Protein chains: 2
Amino acid sequence: MKQMKWWGWGDPDITFDITARPALWAYLVNSTGIENDRGLKVSNANLESIKLSEPVLNNNFLKILKGILKPEQMQYDFYERLIHTYGKSFRDLWRIRNGIVDRSPDIVCYPGTEEQIQAIVAAATQFDVVLIPFGGGSNIAGCLEPRDCQNRMVLSLDMQHMNKVLEVDSYSMTARIQAGVRGPNMEEQLNQHGMTLGHFPDSFEFSSIGGWVATRSAGMQSDKYGKMEDMVIALKMVTPAGTIVTRPVPKCSNGIGINQLCIGSEGIFGVITEVTVQVHHLPARKQFHGWLFPDFESGISAVYEATLQNIAPSMTRLNDAQKTALSFSYKTRGSFMQQLLSRMLLLHLKFVKKFSMDKVCLMLAAFEGDNINTQIKKISAIYKKHGAVPLGTSPGKSFEKSKYDFPYFRDFVMDYGVTADVSETATTWKNLLPLYYHTQKSIQQAIIDTGSKAWCGCHVSHTYKTGASLYFTFAFKQSSAVLNQYLQVKKSAEDAFIKFNSTLSHHHAVGYEHMPWISDDISATGIKAVQGIKTTLDPKNIMNPGKIIPNNFSLTDWGWTGEQECT
Amino acid sequence: MKQMKWWGWGDPDITFDITARPALWAYLVNSTGIENDRGLKVSNANLESIKLSEPVLNNNFLKILKGILKPEQMQYDFYERLIHTYGKSFRDLWRIRNGIVDRSPDIVCYPGTEEQIQAIVAAATQFDVVLIPFGGGSNIAGCLEPRDCQNRMVLSLDMQHMNKVLEVDSYSMTARIQAGVRGPNMEEQLNQHGMTLGHFPDSFEFSSIGGWVATRSAGMQSDKYGKMEDMVIALKMVTPAGTIVTRPVPKCSNGIGINQLCIGSEGIFGVITEVTVQVHHLPARKQFHGWLFPDFESGISAVYEATLQNIAPSMTRLNDAQKTALSFSYKTRGSFMQQLLSRMLLLHLKFVKKFSMDKVCLMLAAFEGDNINTQIKKISAIYKKHGAVPLGTSPGKSFEKSKYDFPYFRDFVMDYGVTADVSETATTWKNLLPLYYHTQKSIQQAIIDTGSKAWCGCHVSHTYKTGASLYFTFAFKQSSAVLNQYLQVKKSAEDAFIKFNSTLSHHHAVGYEHMPWISDDISATGIKAVQGIKTTLDPKNIMNPGKIIPNNFSLTDWGWTGEQECT
């Protein structure tokens, strides 16, 4: 299995080509205030300059390990250790590009069976070795970085060999799947049975089902297929205290939900090895359609009404004005978007529809099934009621072509000294716009306070009967203190979420990057409960330590001023 | 708030009137082999003969308690203690009717605020007093009986004064509700806002939302509205280690799901005081329709197909042949059912439709909304394809009138020395019929093995994309060893569930009556995880001890032969 670039997102063979998008460079220069000179790259990613931490090798453990795995399943070399050091958060990428690697795994293992994982977990428990489960390495909340206080040997458990769809019950619409399989491979195997999981997160190409379960992931079409916690009906998780095995039943009343106690556990209790999920027949047809709304508020009203009437598309993606402007600039040569912005349409929107062009919002919606036309007709009626102008299928085609490409653009802007990152949350419908206004303002102010020009956009991409998610993207020219500047801005977003009664994350997990807000989000007693499970299932704290549950070490990055000892 | 009968189900003013159901007595006599003499009651329920356990009073605790509650909120009298001793399981009712009451709560308290509950929990923790949260007292899995090993003072915390719908957000479709409110009162308050929770369990009239959450309850219309674990978006739970508070957000990725760690906890971690749930507009119209299927198999195929096609009614209740025969016998004088069984219809079914009358199965389905006719048309087409004969709305009207009455009939049969109880589970579609055949056979054989004539019926009442629930009802003439006989039969049902890869309960909870199967259901490591939370949130084990997590004391009833010490 191909691993992602060590210094950035995605396929090492793919480079972001800005020349294919003629308006984008100017938009970037204008939005961030960077120098208008494409030769001025500031990135200094240099593999040779990186020094990894001196390997900590626990020989008693290694002796046992050699009896469990074949030599080719155990990797110690520089490159393997490096690509398993971080996920793909802005901080991860900036540090690795700048050669800042405090602590890498000491060994990377590729188990092939559940028995091997059980044996590894048992040996690691016995000899006090840290284990970090690794799916595709796409996490952006700091879930993968070694954060052990005790500087024990760290083993990164790369699950990619556990990549089989073990069983498809096409009568009950369930599939039993090994945790390490990544998106495209899994869908290929399911498609052979005429089935799909319907889970397409932005990270789809490089993330695994085990990772989705461990982080409560949401795919682009969660409105139809649900989030990961809605899909799982059974699972297996190997912990230091034994293996949790649940039964494949649609619902039960057998005490608290044991599946839900594993889903979202981010590797801190154990290794998820197998998941039984609900699957779906491949849709007969699938279409993306675009609309333009006069402003974000009218777009949200339209999305709300569709949800209330139970006729939501399988995907609804409403960009605010900033994100819309970015989408327009992101267009490729000769694409529909280019035509869209042609003089005629502009004139129509401005003078006939009276749209204010700095407020206009792009909506993309996906429709699936055999009654697409009926769905579109119903949705169109609602959207038009709220002032939307239909754009047909062309913007959707552009979206589909480039839907997984955005992280490549982030890497590109980093080359030019631009920090770009995201923060996402969810809240009730009533709270959605107040939260939006407040967070947008907070992020912009935080950026300005660091001396940079602020760019902040937002989209709504997951809707529920009771509310929706808000996904903020922000970008700005780096100051001299890049990480501090970033932390200040990121903090402003998360603080706003917590202040406005929403959650620290809708689908990106806690890791250690979101840890400062977990206490406010789930309450101190909620954390005690998580700690209670942790202490029982993993008394030696060998499973992905320093994640979810706050400790002083994890919080120092965020200006924690308490005791600095590592706990 | 009126409490239920001390010796049976429901309103003390309601007595089951078998004379209104002319075919029922004969059916009962024939099914169970009891004497055909309505004068031969064997029940000896006698309030005067009951002796409660000597009160265990912890004076240090009581001193504090008197500072927290008003005198009228603290009840010590015989009747209060008695009605808070048990739930309403067969074992509960048989024991109380026979004066078998090993251990009653020593005091019953009626808190009115969350602050009072926090103070009570803190004092109970300090002075080692057992707390058992009490909603409506309808539980049938042994969740309410004091099962403390250490014979500490036991306080039953009756939540009925916490009965307000605190807030309805009719834009976001959420309601914040105090945990102690019972079904009818809650619906009345929501209805004033044009809203409904859509949760109508069989116990609706006498159970509370806190109890529903604590047991992962399912209502009759769960196919439309979901189970309790699907409805909750936030809650508060007061534990000895502090209060868990979650945020009202539709979905999140902030570690494991803290709501789900409280839902189903059956009082063993703390007291659920407040729940924020998704609510729904009151449906414009609601209709029940009936059908007859040639057999259970064709009925299940029809239900399956409707589910697969996403056109399931809000309720689907398919009775097997035995349950259908009981339904026919249950008919009141002059009702549709009587007409139905008229000679003409019988002739039609037998000779035109070629139905075998001992296999025919009754299906009741509920439809809601403003497009009922379209729904019914679609469902009718599917059902007819599978051989169903439509019966129109009359059987539904009978069902609606008596839908909460069945437990009164159980009390009636107990008067005549008949044991009647239920066991329910859920499994995948593929496994549904194999599980049905096996369980039905196991229950029948177990009854026969005790020397009684066997009656066992089943219905399907909750459907999902991946499977459905099976709800077994069994009845038989009591032998001389009533409880042993009961345990033997109950065991046969639960053993079958576990053997056939399904769950110990779909919506009745664990309590201590289902405890022998919890290890097989959620795995030993799953139990460790639950124990880990328990130990952390409730280190002194004051919260409803002896439930969910097996201990020797709890298992002695089931023939446990290990060490007999209480742990």
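Conventions adopted
- Residues numbered from 1 in each chain as written.
- Chains lettered and ligands numbered in written order.
- Predicted model: local features only at pLDDT ≥ 70, side-chain atom pairs only at ≥ 80, totals over all residues.
- Heavy atoms only, no water.
- Helix = DSSP H or I, 4+ residues; strand = E, 2+ residues; numbered from the N terminus.
- Rg over C-alpha atoms; globule rule 2.2 N^0.38 Å.
- Buried < 20%, exposed > 50% of the residue type's maximum accessible area, 1.4 Å probe, protein only.
- Contact = heavy atoms within 4.5 Å.
- Areas by Shrake-Rupley, 256 points an atom, 1.4 Å probe, with all protein chains shown as cover.
- Lys, Arg positive; Asp, Glu negative; His and termini not counted.
- Charge placed at Lys NZ, Arg CZ, Asp CG, Glu CD.
- Salt bridge = Lys/Arg side-chain N within 4 Å of Asp/Glu carboxyl O.
- Least-squares fit on C-alpha atoms with pLDDT ≥ 70 in both.
- Buried area = accessible area lost by both parts, 1.4 Å probe.
- Polar contact = N/O pair within 3.5 Å; in protein donor to acceptor, adjacent residues only side chain to side chain.
- Pairing = 2+ DSSP bridges.
- Axes fitted to C-alpha atoms, helices over the stretch in contact; angles between N-to-C directions.
- Core = buried A, V, L, I, M, F, W, Y, C linked by side-chain atoms within 4.5 Å.
- Phe/Tyr/Trp six-rings, centres within 6.5 Å; stacked < 30°, edge-to-face > 60°.
- Lys NZ or Arg CZ within 6 Å of the ring centre and 35° of its normal.
- Arc of directions from axis to C-beta.

Caption draft 1: Highlighting the overall build of chain A. Counting its secondary structure elements, chain A contains 22 helices and 18 strands. The C-alpha radius of gyration of chain A comes to 23 Å, within 12% of the 24 Å expected for a compact globule of 567 residues. Across the 567 residues of chain A, 65% fall into the buried class. Sequence-distant contacts, at least 24 apart, represent 77% of the contacts inside chain A between residues at least 6 apart. A total accessible area of about 19,900 Å² is found for chain A, and carbon and sulfur atoms account for 52% of it. If the 57 positive side-chain charges of chain A are averaged to one point and the 53 negative ones to another, these points end up 6 Å apart.

Caption draft 2: Representation of the pattern of salt bridges within the structure. Residue and element names in this part refer to chain B. Counted by the stated rule, this structure contains 48 salt bridges over all chains. Taking the shortest distance from any N to any O, the salt bridge between Lys41 and Asp415 comes out at 3.8 Å. Of the two residues, Lys41 is situated in the loop between helix 1 (24-32) and helix 2 (59-68) and Asp415 in helix 17 (residues 406-415); the sequence distance between them amounts to 374 residues. On the accessibility criterion, Asp415 (11% relative accessible area) is buried. Lys403 serves as the salt-bridge partner of Glu400, at 3.9 Å between the closest nitrogen and oxygen. Given a relative accessible area of 36%, Glu400 falls into the partly exposed group. The class for Lys403 is buried, based on a relative accessible area of 17%.

Caption draft 3: Highlighting the relation of the copies chain B and chain A. Superposing chain B onto chain A takes a rotation of 180 degrees plus a shift of 0.0 Å along the axis, which leaves an RMSD of 0.0 Å. This pairing of chains is accounted for by a two-fold axis. Minimal C-alpha separation from the rotation axis in chain B is found for Gly532 of chain B, amounting to 2.4 Å. A share of 100% of interface residues in chain B that are also interface residues in chain A marks the association as one of identical surfaces.

Caption draft 4: Local environment of the interface of chain B and chain A. Residue-level contacts link 78 residues of chain B with 79 residues of chain A. Buried area between chain B and chain A, both sides added, is near 6,200 Å², and the carbon and sulfur share of it is 59%. Scanning the region where chain B abuts chain A turns up two salt bridges. Note that Lys251 of chain A is salt-bridged to Asp230 of chain B, the shortest N-O span being 2.6 Å. Viewed at the interface, chain A and chain B are joined by 44 residue pairs in polar contact (both at pLDDT 80 or more).

Caption draft 5: Expanded view of unusual backbone geometry. Residue and element names in this part refer to chain B. A positive phi is found at Asn310, a non-glycine position, where the angle reads about 60 degrees. Summarising the element assignment, Asn310 is placed in the loop between helix 11 (296-308) and strand 13 (315-319). Even without being a glycine, Asn501 presents a positive backbone phi close to 60 degrees. You can see Asn501 is positioned in the loop between helix 19 (482-499) and helix 20 (518-522).

Caption draft 6: View of the sheet that holds strand 3 (residues 130-134) of chain B. Residue and element names in this part refer to chain B. The four strands lie next to each other as 1-2-4-3, forming an open sheet whose pairing is mixed. Unpaired on one side and paired on the other, strand 1 (74-75) and strand 3 mark the two borders of the sheet. As paired elements, strand 1 and strand 2 (residues 107-109) share two bridges and run antiparallel to each other. Its bridge partner lying in strand 2, Met74 is registered against Cys109. The strands touched by helix 2 within the sheet are strand 1, strand 2 and strand 4 (154-158), with strand 2 carrying the most contacts at an inclination of about 25 degrees.

Caption draft 7: Geometry of the environment of Val232 of chain A. All names here are of chain A. Of note, Val232 is situated in strand 8 (residues 232-239). Its relative accessible area of 8% is what places Val232 among the buried residues. For the pair formed by Val232 and Glu494, sequence separation is 262 residues and the distance between their alpha carbons is 28 Å. Residues contacting Val232, with those up to four places away along its chain left out, are Val213, Asn259, Ile263, Val275, Thr276 and Val277.

Caption draft 8: Looking closely at the sheet that holds strand 15 (residues 389-392) of chain B. Residue and element names in this part refer to chain B. Taken in spatial order, the seven strands make up an open sheet running 15-12-14-13-17-18-16, and their pairing is antiparallel. The open sheet terminates on both sides in strands that have one partner only, identified here as strand 15 and strand 16 (418-428). Here the average twist between neighbouring strands, direction ignored, is 20 degrees.

Caption draft 9: Region of the structure containing the environment of Ala321 of chain B. Residues and elements named next belong to chain B. Along the chain, Ala321 falls in helix 12 (residues 321-329). With 138 residues separating them along the chain, Ala321 and His459 place their C-alpha atoms 9.3 Å apart. With residues near it in sequence (within four places) discarded, Ala321 still touches Asp358, Lys359, Val360 and Cys361.

Caption draft 10: Spotlight on the nonpolar core. Ile209 and Val277 of chain A together with Ile209 and Val277 of chain B are the most contacted members of the largest nonpolar core, which has 164 residues in total. Excluding its chain neighbours within four sequence positions, the residues that come into contact with Val277 of chain B are Met173, Thr174, Ala175, Ile177, Leu197, Ile209, Met228, Met231, Val232 and Ile233 of chain B.

Caption draft 11: Examining the packing of aromatic side chains more closely. Residues and elements named next belong to chain A. Evaluated as defined, the whole model comprises 51 aromatic pairs over all chains. Where Trp25 meets Phe412, the ring centres are 6.4 Å apart and the plane angle is 85 degrees; that geometry is what we call edge-to-face. You can see Trp25 sitting in helix 1 (residues 24-32) and its partner Phe412 sitting in helix 17 (residues 406-415), a full 387 residues away along the chain. Summarising the burial analysis for this pair, Trp25 and Phe412 share the class buried. Aromatic ring contacts, followed pair by pair, group Phe16, Trp25, Tyr330, Phe406, Phe409, Phe412 and Tyr416 into a single cluster. A cation sits over an aromatic face here: Arg21 above Tyr330, 4.1 Å from the ring centre. Its guanidinium or amino end placed over the ring of Tyr512, Arg147 lies 3.7 Å from that ring's centre, counting from NZ or CZ.

Caption draft 12: Representation of helix 2 (residues 59-68) of chain A within the structure. Residue and element names in this part refer to chain A. For helix 2, the complete set of buried residues consists of Phe61, Leu62, Leu65 and Ile68. Taken down its axis, helix 2 places every buried residue within 110 degrees of arc, on the same side. Residues of helix 2 that are exposed and point more than 90 degrees away from the buried face comprise Asn59, Lys63, Lys66 and Gly67. Turning to helix 2, the residues buried within the fold contact strand 1 (74-75), strand 2 (107-109), helix 5 (114-127) and strand 4 (154-158).

Caption draft 13: Representation of the pairing of strand 6 (residues 174-178) of chain B within the structure. All names here are of chain B. With respect to burial, strand 6 is a largely interior element, four of its five residues being buried. Here strand 5 (residues 165-169) pairs with strand 6 via four bridges, running antiparallel. Looking at the pairing, Asp169 lines up with Thr174 of strand 6. Counting the residues between successive antiparallel strands, the hairpin from strand 5 to strand 6 contains four residues, one of them, Met173, with a positive phi of roughly 60 degrees.

Caption draft 14: Focus on the side chain of Thr125 of chain B. If you trace the backbone, Thr125 of chain B turns up in helix 5 (residues 114-127). Not counting residues up to four positions away in its chain, the partners in contact with Thr125 of chain B are Pro240, Lys540 and Ile542 of chain B.

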